[in-house]
Amino acid sequence: MKKTEGPTTLIEYLGLTIDTVNMVVNIPHKKVEELLKRIIKLLAMKEVTLKELQSIFGSLAFCTKALPAGRAFSCRLYSTMGKVSKPFHFMRVTSGMKNDLLMWKLFLEQFNGNSYTNDIGWISNFDLELYTDSAGGLGKGCAAYRYGKWTFLEWPNEWNSSEIFKDITYLEIIPIALAIFLWFDQFYKKNILFHINNLAVVNILNKKSSKSERVMSILRLIVYCSLIGSFQFKAVHILSKDNAIADALSRANFQKFRRLAPLANDHPHPICGVLEPFKDEVNKLLQHSVSSNTTNVYANAICSFNKFRTSFQIEESWPPPVDHIINYVAYLSKNGYCYTTAKTYLSGINHKLKINNWNDYSKSFILGKMLKGMQRLGKRVDSRKPITVDVLKRIILILHHVCKSNYETKLLRAAFALAFFWIYENWRNHIY
């Protein structure tokens, strides 16, 4: 009888608290905190055992009972676990796994434990009068239309010389993210049924996963918004003729658009940059877009560039004129810096320029030729020594200091010895 519960509006079931008055499913705060700590720890690791990964996946599976959209950030972990069979086997923590875990981290850091129950039934984007489409090619772009409000985002000119225009799946998923960004409040606590005229995008939205990392970069943002806004989404396929309004907009055919939607607003809905509720999240995403080591290197590059300008009494303005950077490269060369250091420092400066949407000088003809000159003038003799039998012995003797287990130590000792003597035998046969 201890497990029997009388009529109530608040009940704990399988570790979750269900509130039928406020229509909320609550995940205990302690479990959220523990999961967040484990995710942070895993993000800092390069390898993880099957047992550790299974434990974290189990905690994520528990959370997805209340947050079904979060399953999109768990599927890569699940597929990785199938690659090994023993609990002590190690697996590499891939960049895709880290990107998924990062989305969990960003969400859990602001999650209060409450998951709201959505409205009953699915709302078609036809009911919302929401249409999205994309067209590849220079002068074209992606478009979104909703109840007379519309927007058109033209593709960057730089894409014309890349393979992005061939990736129509990527182009088609962008306007969906754009529509959610612009009209986020209309999706809150709803079940949205998207009608898409691209079958590949339909499958990706329904599976909430893609093999393309480029597509996943947009899909993660869509799923992340669905977690924040407590809305669910799925997609069905429609013919292009049933999506004529957005199709005309995406091709910049505004005359046809006006004929199809005569009551549409005269001016497009402004894409107003980063909205206030998302500023912190944008900063977090940018901070985690590069590794901590790369961040430190870029910070050193900016510090070095600023010191150079200070020492020569040059104004420390941002964005800097290109002649500042040209003089800086000459300064590095004159002070004995090697080509790779100069290239790394310029990457740090260009990263700051791109983050702030300033002019990027990485393709400057003069800078490119200066770096080429540094590379040719700075060629050095390879000072690395060959691996001899004595060196191999020393390496094998210290492996236990860097390996995580006795099994791994023996495995690497055997691998190093086998590789060394295989190469040695091939070399000897070649000589004699």
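Just so it is clear, the structure is predicted and the values come from calculations on it, not from any experiment.

A. Fine view of a nonpolar patch on the surface. Taken together, the side chains of Phe88, Tyr407 and Leu411 present a nonpolar region at the surface, about 340 Å² in accessible area. Mapped onto the secondary structure, phenylalanine 88 falls in the loop between helix H3 (75-81) and strand E5 (90-92).

B. Structural detail: unusual backbone geometry. Phi angles above zero are rare outside glycine, and lysine 208 is one such case at about 55 degrees. Turning to its location among the elements, lysine 208 is positioned in the loop between helix H6 (199-207) and helix H7 (213-229). Unusually for a residue other than glycine, glutamine 313 sits at a positive phi of about 55 degrees. With respect to the helices and strands, the residue glutamine 313 is situated in the loop between helix H11 (292-311) and helix H12 (322-334).

C. Structural detail: the nonpolar core. Core analysis: the biggest nonpolar cluster contains 75 residues, and Ile27, Leu108, Ile173, Ile180, Phe194 and Leu205 have the highest contact counts within it. In terms of nonpolar packing, the next biggest core, distinct from the first, is built from 17 residues, Ile302, Ala342, Leu371 and Met374 among them.

D. Geometry of the sheet that holds strand E10 (residues 149-154). An order of E8-E9-E10 is seen for the three strands of this open sheet, with the pairing classed as antiparallel. Single-partner strands in this sheet number two, and they are strand E8 (130-134) and E10. Strand-to-strand twist of the sheet, defined as the mean angle between neighbouring strand axes without regard to direction, takes the value 5 degrees. Taken together, the six bridges between strand E9 (residues 141-146) and E10 define a ladder with antiparallel strand orientation. Note that in E10 the partner of cysteine 142 across the bridge is leucine 153.

E. Focus on the pattern of salt bridges. Considering all chains together, one arrives at six salt bridges under this definition. Arginine 220 serves as the salt-bridge partner of aspartate 100, at 2.7 Å between the closest nitrogen and oxygen. Remark: arginine 220 occurs in helix H7 and aspartate 100 occurs in helix H4 (residues 95-108); sequence separation between them is 120 residues. Given the relative accessible area of 4%, arginine 220 is considered buried. A salt bridge links glutamate 109 to lysine 105; the nearest nitrogen and oxygen atoms lie 2.7 Å apart. You can call lysine 105 buried: its relative accessible area is 9%. The network of salt bridges with shared partners includes Asp100, Glu213 and Arg220.

F. Spotlight on helix H13 (residues 339-355). Between the first and last C-alpha of H13 there are 24 Å, a value that for 17 residues agrees with the 24 Å anticipated at 1.5 Å per step. Within H13 the residues assigned to the buried category are Ala342, Tyr345, Leu346, Gly348, Ile349, Asn350 and Leu353. Considering only its buried residues, H13 is in contact with H11, H12 and helix H14 (365-377).

G. Structural view of the environment of leucine 35. Its location among the elements puts leucine 35 in helix H1 (residues 29-43). Note on leucine 35: relative accessible area 2%, which makes it buried. In this structure, the C-alpha to C-alpha distance between leucine 35 and serine 59, residues 24 residues apart in sequence, is 6.7 Å. Beyond its immediate chain neighbours, meaning those up to four positions away, leucine 35 contacts Ile56, Ser59, Leu60, Cys63 and Leu108.

H. How the structure looks around the confidence of the model for the protein. For the protein, per-residue confidence averages 82 on the pLDDT scale, and residues scoring 70 or more make up 90% of the total. Here helix H10 (residues 279-287) stands out as the element of the protein with the lowest mean pLDDT, 63, in contrast to H6, whose mean of 90 is the highest.

I. Focus on the side chain of arginine 146. Here arginine 146 lies in strand E9. Despite its burial, arginine 146 pairs with no opposite charge; the closest candidate is aspartate 185, at 6.9 Å N-O. In this view, arginine 146 contacts Leu128, Glu129, Leu130, Trp183 and Gln186; residues no more than four positions away in its chain are not counted.

J. Geometry of the packing of aromatic side chains. In total, this model carries 22 aromatic pairs according to the counting rule given. A ring pair is formed by tryptophan 155 and tryptophan 159, whose centres lie 5.3 Å apart and whose planes are at 25 degrees; its orientation type is stacked. Across the pair, exposure class does not vary: tryptophan 155 and tryptophan 159 are buried alike. Counting every residue linked through ring pairs, the aromatic cluster contains Tyr131, Tyr145, Trp150, Phe152, Phe254 and Phe257. The lysine or arginine in question, lysine 208, covers the ring of phenylalanine 233, its NZ or CZ lying 4.5 Å from the ring centre. Over the face of the ring belonging to tyrosine 170 we find arginine 214, whose NZ or CZ atom lies 5.7 Å from the ring centre.

Calculation criteria
Position numbers for residues start from 1 in each chain and track the written sequence from start to end. Given that the model is predicted, a residue must reach a pLDDT of at least 70 before its local features are reported, and side-chain atom pairs must reach 80 or more before they are shown or counted; all residues, however, enter totals for whole chains, interfaces and linings. Side-chain measures here rest on the full set of heavy atoms in the structure, leaving out hydrogens and waters. Patch membership is restricted to residues that have no salt bridge and whose relative accessible area is over 30%. Joining uses 9 Å for like charges and 5 Å for the nonpolar side chains Val, Leu, Ile, Met, Phe, Trp and Tyr. Where accessible areas are quoted, they stem from the Shrake-Rupley method and a 1.4 Å probe; at the residue level, only the protein chains shown are allowed to cover. Any Lys or Arg side-chain nitrogen found within 4 Å of a carboxyl oxygen on Asp or Glu counts as a salt bridge. The way it works is that DSSP assigns letters per residue, a run of H or I at least four long becomes a helix, a run of E at least two long becomes a strand, and they are numbered from the N terminus. Residues grouped as a nonpolar core are buried Ala, Val, Leu, Ile, Met, Phe, Trp, Tyr and Cys residues, joined through side-chain atoms within 4.5 Å. Note on exposure labels: buried denotes an accessible area under 20% of the residue type's maximum, exposed denotes more than 50%, and partly exposed covers the range between, all computed with a 1.4 Å probe on protein chains only. If DSSP finds at least two bridges between two strands, the strands pair. A fitted line through C-alpha atoms serves as each axis, taken over the contacting stretch for helices, and the angle formed by two N-to-C directions is quoted from 0 to 180°. Helix span is expected to be 1.5 Å times the residue number reduced by one. By definition in these notes, contact holds between two residues if any of their heavy atoms fall within 4.5 Å. One confidence number per residue, pLDDT, is output by the predictor and ranges from 0 to 100. When charges are counted, Lys and Arg are positive and Asp and Glu negative, with His and the chain ends excluded. By convention, a stacked pair of Phe, Tyr or Trp rings (six-membered ring in the case of Trp) has centres within 6.5 Å and planes under 30 degrees apart, an edge-to-face pair has planes over 60 apart, and any other such pair is tilted. Placement of a charge over a ring requires the Lys NZ or Arg CZ to be within 6 Å of the ring centre, with the centre-to-atom vector within 35 degrees of the ring normal.

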